[in-house]
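Listed below are the residues making up each chain.
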Amino acid sequence: MRTIRLTITSIILLFAVQSIAVAQSTSMTETFKKHFNETVEQVHQTESADEKRAILNESFTKMITTLERIESEANLTEDETAQLVSFKNDISEKQSELNGLDGFDEIQDEDLDDFSNFSQDFVEQANRTITIGLTTALLILIILLLL
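Residues numbered from 1 in each chain as written. Predicted model: local features only at pLDDT ≥ 70, side-chain atom pairs only at ≥ 80, totals over all residues. Heavy atoms only, no water.

So, the pattern of salt bridges: which residues are in play, and what are the values?
Scanning the entire structure with this criterion turns up six salt bridges. Between Arg53 and Glu106 there is a salt bridge, and its shortest N-O distance comes to 3.7 Å. In this pair, Arg53 is assigned in helix 3 (residues 49-73) and Glu106 in the loop between helix 4 (78-99) and helix 5 (112-125), connecting sequence segments 53 residues apart. Residue Arg53 is classed as buried on the basis of its relative accessible area, which comes to 10%. Among the ionic pairs, Glu71 bridges to Lys88, the shortest N-O distance being 3.3 Å. One end of the pair, Glu71, is in helix 3; the other, Lys88, is in helix 4, with 17 residues separating them in the sequence. A relative accessible area of 30% means that Glu71 is categorised as partly exposed. Under the relative-accessibility criterion, Lys88 is labelled buried at 15%. Taken together, the shared-partner salt bridges connect Arg53, Glu106 and Asp109 into one network. (Salt bridge = Lys/Arg side-chain N within 4 Å of Asp/Glu carboxyl O. Helix = DSSP H or I, 4+ residues; strand = E, 2+ residues; numbered from the N terminus. Buried < 20%, exposed > 50% of the residue type's maximum accessible area, 1.4 Å probe, protein only.)

Structure representation (structure tokens):
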């Protein structure tokens with residue numbers, strides 16, 4: 001009786017540990033996609049071009065700041081770090097395009113809705129999947145919410 005109880009307990013513990021390990025991994029890009037989808041909704045609901053531009057700028061800035069914090073605080077492999085830097089550079093490029101910096105023409109006020117849709121497509125189609133732990137995922141969410 002005692003060995004059966006020990007065996008059953010061990011099996012349950014093994015499955016519990018495996019479930020926790022799988023549940024703690026998440027894709028960083030999914031968090032950014034969700035955040036940027038909310039940004040696009042805000043842009044489409046806003047009438048003023050200045051407010052739309054401010055919303056997009058704030059979202060890009062939050063994402064860049066979050067990526068910089070992840071880069072400095074998370075234990076990532078070289079490949080993951082390179083992907084993170086590439087993603088951050090791409091977002092910075094979108095922000096430069098929005099504001100007409102670094103050789104880009106500024107996005108016209110009447111094109112801000114289209115630009116937000118284009119940027120959303122870019123974020124959603126980004127071929128970057130960095131699997132991170134639950135703690136880092138929560139860090140991303142907290143940083144995005146606090147900024």
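Following the structure, the description resumes.
Now, about the nonpolar core: what can you tell me, with residues and values included?
The biggest cluster of nonpolar side chains holds 21 residues, and the ones touching the most others in it are Phe36, Leu56, Phe60, Ile91 and Leu98. When residues of this core are traced back to their parent elements, those giving at least two are helix 2 (28-45), helix 3, helix 4 and helix 5. Per element, the largest residue contribution to this core is eight residues, and it comes from helix 3. In this structure, Phe60 is in contact with Phe36, Ile91, Lys94, Gln95, Leu98, Phe115 and Ser119, ignoring residues within four places of it in sequence. (Core = buried A, V, L, I, M, F, W, Y, C linked by side-chain atoms within 4.5 Å. Contact = heavy atoms within 4.5 Å.)

Talk me through the packing of aromatic side chains; I want residue IDs and the actual numbers.
The description of an aromatic ring pair uses the distance of the two centres, along with the angle that the planes make with each other. Applying the stated rule across the entire model yields two aromatic pairs. Aromatic pair Phe36 and Phe60: ring centres 5.5 Å apart, planes at 25°, arrangement stacked. Of this pair, Phe36 sits in helix 2 while Phe60 sits in helix 3, and the two are 24 residues apart along the sequence. As far as the burial class goes, Phe36 and Phe60 line up, both buried. Consider the rings of Phe60 and Phe115, whose centres lie 6.4 Å apart with planes at 75°: the pair is edge-to-face. (Phe/Tyr/Trp six-rings, centres within 6.5 Å; stacked < 30°, edge-to-face > 60°.)

Go over helix 5 with me, naming the residues and quoting the values.
Over its 14 residues, helix 5 runs 20 Å from end to end, which matches the ideal 20 Å to within 8%, given 1.5 Å per residue. What helix 5 keeps buried is the set Leu112, Phe115, Ser116, Ser119, Gln120 and Val123. All buried residues of helix 5 fall inside an arc of 140° around its axis, so they share one side. Facing away from the buried side of helix 5 by over 90 degrees, the exposed positions are Asp114 and Gln125. (Expected span 1.5 Å × (residues − 1). Arc of directions from axis to C-beta.)

Quick one: what's the story with the side chain of Lys33, residue by residue and with numbers?
Mapped onto the elements of the fold, Lys33 is located in helix 2. Once you skip the residues sitting within four places of it in the chain, Lys33 turns out to touch Val123 and Glu124.

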